[in-house]
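Listed below are the residues making up each chain.
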Amino acid sequence: MSVFDAKAAANPGVRQLQPYQAGKPMDELQRELGLAKVIKLASNENPLGLSGKVRTALQAEVEELIRYPDANGFYLKSKLAALHQVQPQQITLGNGSNDVLEILARTFVSAADEVIYSQHAFVVYPLVTQAIGAKGVSVAARNYGHDLDAMAAAVSEKTKMIFVANPNNPTGTFLTTEALQSFLDKVPSRVLVVLDEAYSEYVPENERAPSVAWLHDYPNLVVSRTFSKAYGLAGLRAGYAVSSVEIADLMNRIRQPFNVNSLSLKAAEVILDDHEYLQKAVRVNQQGMQQLTEFCQQNGYNYIPSYGNFLTIEVGPDAGEIYQKLLHQGVIVRPVGGYGLPNHLRVSIGLPEENQAFIDAMNRIASAKN
Ligand code: PMP
C-alpha cells in the first residue's frame, strides 16, 4: 500500500499551527453530561436572540437560495458606505471578519515578512500569519493590553502588517483615540495597520476612535468590523473591512467570489436599520457587565476591566478545574490558557438570568471547596 505523509507534505507554516479552539457547543455538553439545561457564555455571542426583523427577512430570502448570492454585495456595501461615509469601493465583505483578516494577510504578507501583534491578542492574528509562513512578532502586553509604544518599536524593515484589536479579545482592554493616533503617526506608512474593531458597538460613542475618518490621513490603515457580536448574527458569518479603494481592490482579487452568502447579506442589510435591537444589545451588555463586575468585587476576584461583551476573571491556578466544574453545572465559559492567561476564565455577558446562573455556579463551587 502506498503511503502519503500528509504532515511532511503540508506547508511548513501549516504544520506548526494549532487549530482554533472554539467555545464548546451547547448540544455537545448536553449530550456528554446528560444535562437538561445548558447556558453558553463562551463565544461572545449576543444573548438577545435573533432580531425579529431579520427573522422575517430571512424567511422571504430562503426562496432565493437556489441562486448564487450577489458576488459584490451591492446593497450591503451601499448601506455600509452610507453608514461610514465612504465609497462602496472602500468596503470588502467577508465571511465573518475572520475572513477579512485572513484575506488581508494573504493579500499583503509573504513568507519573508514579519507581522506584529500583542501578547494576549486575538488568536487569529498568529494563525493567519503562521499559515503563510511569515514570522509573527508577539509584543509583551502592558496591563493585559496592547503596549503600542513597544509595538511601534518592534517595527523592522521586514514588518508588513500590524494587527491591533480595539477592544481586544480575550482581555477586553481598550486603547484611547490619542494613543492610537500617536501610534499611527509612529508607524511607517509602508506598514499596514489592521485595526480590528469587532466589539466597537459596545464602546461608549464618545470614547470611540474616528477610525474610518482616519483613512484619509493614514492610507496604510484598514478597519475591520463584524455582524457577529452586537448585531447578533454570529452564525451567519458576515464582517467587513473599510480601507482605501486600492487596498479593497487588491483584497477583492483573492476573496472567494461568493464569500458572503445570500442569507448573510440580507440579514446584515436588515440589522443595520434595526437601531432598537442594537441599542437593546448595548444596554443589556452594560447591565450584565455591572452584574458580573459586582459579583467579582464582592467575592474578591480580580478581573480585567472590559470594553467588550465579555469579562475575563482571574479565578486562580485551578482555572481548568473550575472550568470543568462549571461545565458539570451546565455553564460553558472559555478557558484562556492558550492566550497566556492560565489563571483566568473569559465569561461572555449573557441575559441577567444567565449571568446569575454563572454566579450561582461559581458560589456553589467555592462553597464546596471551603
Ligand atoms: N476579531 C476579534 C477581536 C474577535 O474576538 C472575533 C471573534 N471572536 C473576530 C475578530 C472574528 O469574528 P467574526 O469572524 O465572527 O466576525
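Reading the values: the criteria
Residues numbered from 1 in each chain as written. Predicted model: local features only at pLDDT ≥ 70, side-chain atom pairs only at ≥ 80, totals over all residues. Heavy atoms only, no water. Helix = DSSP H or I, 4+ residues; strand = E, 2+ residues; numbered from the N terminus. Rg over C-alpha atoms; globule rule 2.2 N^0.38 Å. Buried < 20%, exposed > 50% of the residue type's maximum accessible area, 1.4 Å probe, protein only. Areas by Shrake-Rupley, 256 points an atom, 1.4 Å probe, with all protein chains shown as cover. Phe/Tyr/Trp six-rings, centres within 6.5 Å; stacked < 30°, edge-to-face > 60°. Lys NZ or Arg CZ within 6 Å of the ring centre and 35° of its normal. Pairing = 2+ DSSP bridges. Core = buried A, V, L, I, M, F, W, Y, C linked by side-chain atoms within 4.5 Å. Contact = heavy atoms within 4.5 Å. Axes fitted to C-alpha atoms, helices over the stretch in contact; angles between N-to-C directions. Near = heavy atom within 4 Å. Polar contact = N/O pair within 3.5 Å; in protein donor to acceptor, adjacent residues only side chain to side chain. Nonpolar A, V, L, I, M, F, W, Y, C, P; charged D, E, K, R; others polar. Lys, Arg positive; Asp, Glu negative; His and termini not counted. Salt bridge = Lys/Arg side-chain N within 4 Å of Asp/Glu carboxyl O.

Asker: Got a minute to help me understand the overall build of the protein in this structure?
Answerer: Of the regular secondary structure elements, the protein holds 14 helices and 13 strands. Taking 370 residues into account, the globule formula puts the C-alpha radius of gyration at 21 Å, and the protein, at 21 Å, falls close to it. Its C-alpha atoms give the protein principal-axis dimensions of roughly 65 × 60 × 50 Å. Going through the 370 residues of the protein one by one, you find that 52% of them count as buried. Taken as a whole, the protein presents about 17600 Å² of accessible surface, with 50% of it coming from carbon and sulfur.

Asker: Honestly, the packing of aromatic side chains in this entry has me stumped. Any pointers?
Answerer: Both the distance between ring centres and the angle between the ring planes are used here to describe each pair of aromatic rings. Under the counting rule described, the total for this entry stands at 11 aromatic pairs. Between the aromatic rings of Y125 and F163, the centroid separation amounts to 4.6 Å while the plane-to-plane angle is 5 degrees, which identifies the pairing as stacked. Of this pair, Y125 sits in helix α7 (residues 124–132) while F163 sits in strand β5 (residues 159–165), and the two are 38 residues apart along the sequence. Each ring, one from F227 and one from Y231, has its centre 5.2 Å from the other, and the planes form 45 degrees; the classification is tilted. One aromatic cluster is present, built from ring pairs that chain together F122, Y125 and F163. The ring of F310 has R346 lying over it, and the distance from NZ or CZ to the ring centre is 5.7 Å.

Asker: How should the pairing of strand β6 (residues 192–196) be read in this particular structure?
Answerer: As a general feature of sheets, a regular strand has side chains that alternate between the two faces. Within β6, 5 of the 5 residues are buried, which leaves it mostly tucked inside the rest of the structure. Alternating residues of β6 divide into L192, V194 and D196 and V193 and L195, and every residue in both groups is buried. Here 5 bridges tie β5 to β6, and the two strands are oriented parallel to one another. Across the sheet, the residue bridging to A165 is D196, located in β6.

Asker: Would you mind showing me how to read the nonpolar core here?
Answerer: Proteins that are soluble and globular tend to have nonpolar side chains buried together. Residues I162, V164, F183, L221 and F227 are the most contacted members of the largest nonpolar core, which totals 49 residues. For this core, the element with the most residues is helix α11 (residues 262–271), which contributes 6 residues. Apart from residues no more than four positions distant in its own chain, F227 is found in contact with L76, L80, G232, L233, A234, A238, G239, Y240, A268, I271 and L272. In terms of nonpolar packing, the next biggest core, distinct from the first, is built from 30 residues, V38, I39, L41 and A42 among them.

Asker: Teacher, can you tell me more about the sheet that holds strand β12 (residues 334–335) here?
Answerer: What links the strands of a sheet is backbone hydrogen bonding, and the strands pair in either a parallel or an antiparallel sense. Spatially, the 4 strands line up as an open sheet ordered β9-β10-β13-β12, and their pairing is antiparallel. Strands at the two margins of the open sheet, each flanked by one partner only, are β9 (302–304) and β12. Bridge count for β9 against strand β10 (residues 310–314) is 3 bridges, and the pairing is antiparallel. Across the sheet, the residue bridging to I304 is T312, located in β10. Sheet strands in contact with helix α12 (residues 275–299) are β9, β10 and β13 (344–348), and its direction is about 10 degrees off that of β10.

Asker: I tried to follow the site of the ligand on my own but got confused; where do I start?
Answerer: Around the ligand sit G96, S97, N98, F122, N169, D196, A198, Y199, T226, S228, K229 and R237, and that is every residue in its neighbourhood. The side chain of T226 places a nitrogen or oxygen atom 2.5 Å from an oxygen atom of the ligand. K229 places a polar side-chain atom, nitrogen or oxygen, 3.4 Å from a nitrogen atom of the ligand. For the ligand, whose unbound accessible area comes to 400 Å², protein coverage reaches 94%. Of the residues belonging to the shell around the ligand, the class tally is 3 nonpolar, 6 polar and 3 charged.

Asker: Would you mind showing me how to read the side chain of E201 here?
Answerer: When you line up the elements, E201 lands in the loop between β6 and β7 (221–226). Among buried Asp, Glu, Lys and Arg side chains, E201 stands out as unpaired, with R225 the closest opposite charge at 4.2 Å.

Asker: Help me out: how do you make sense of the pattern of salt bridges in this one?
Answerer: Two side chains carrying opposite charge are able to pair once their charged atoms lie near each other. All chains considered together, the criterion is met by 13 salt bridges. For E45, the salt bridge goes to K40, with nearest N and O atoms at 3.0 Å. For K40, a relative accessible area of 18% corresponds to the buried category. Across the salt bridge formed by K325 and E321, the nearest N and O atoms sit 3.5 Å from each other. A residue pair is termed a helical-turn pair when its members lie 3 or 4 positions apart in one helix, as K325 and E321 do in helix α13 (residues 319–328) at 4 residues. Residue classification places E321 among the partly exposed residues on the basis of a relative accessible area of 46%. Ionic contacts of the salt-bridge type, sharing partners, join the residues K24, E28 and E32 into one network.

Asker: Please clarify how the side chain of H146 should be interpreted in this entry.
Answerer: Of note, H146 is situated in the loop between β4 (135–139) and α8 (148–153). Classification of H146 as buried rests on a relative accessible area of 7%. There is a polar contact of 3.1 Å between the side chain of H146 and the backbone nitrogen of A165. What H146 contacts, discounting residues up to four positions off in sequence, is S118, A121, M151, F163, V164, A165, N168 and L175.

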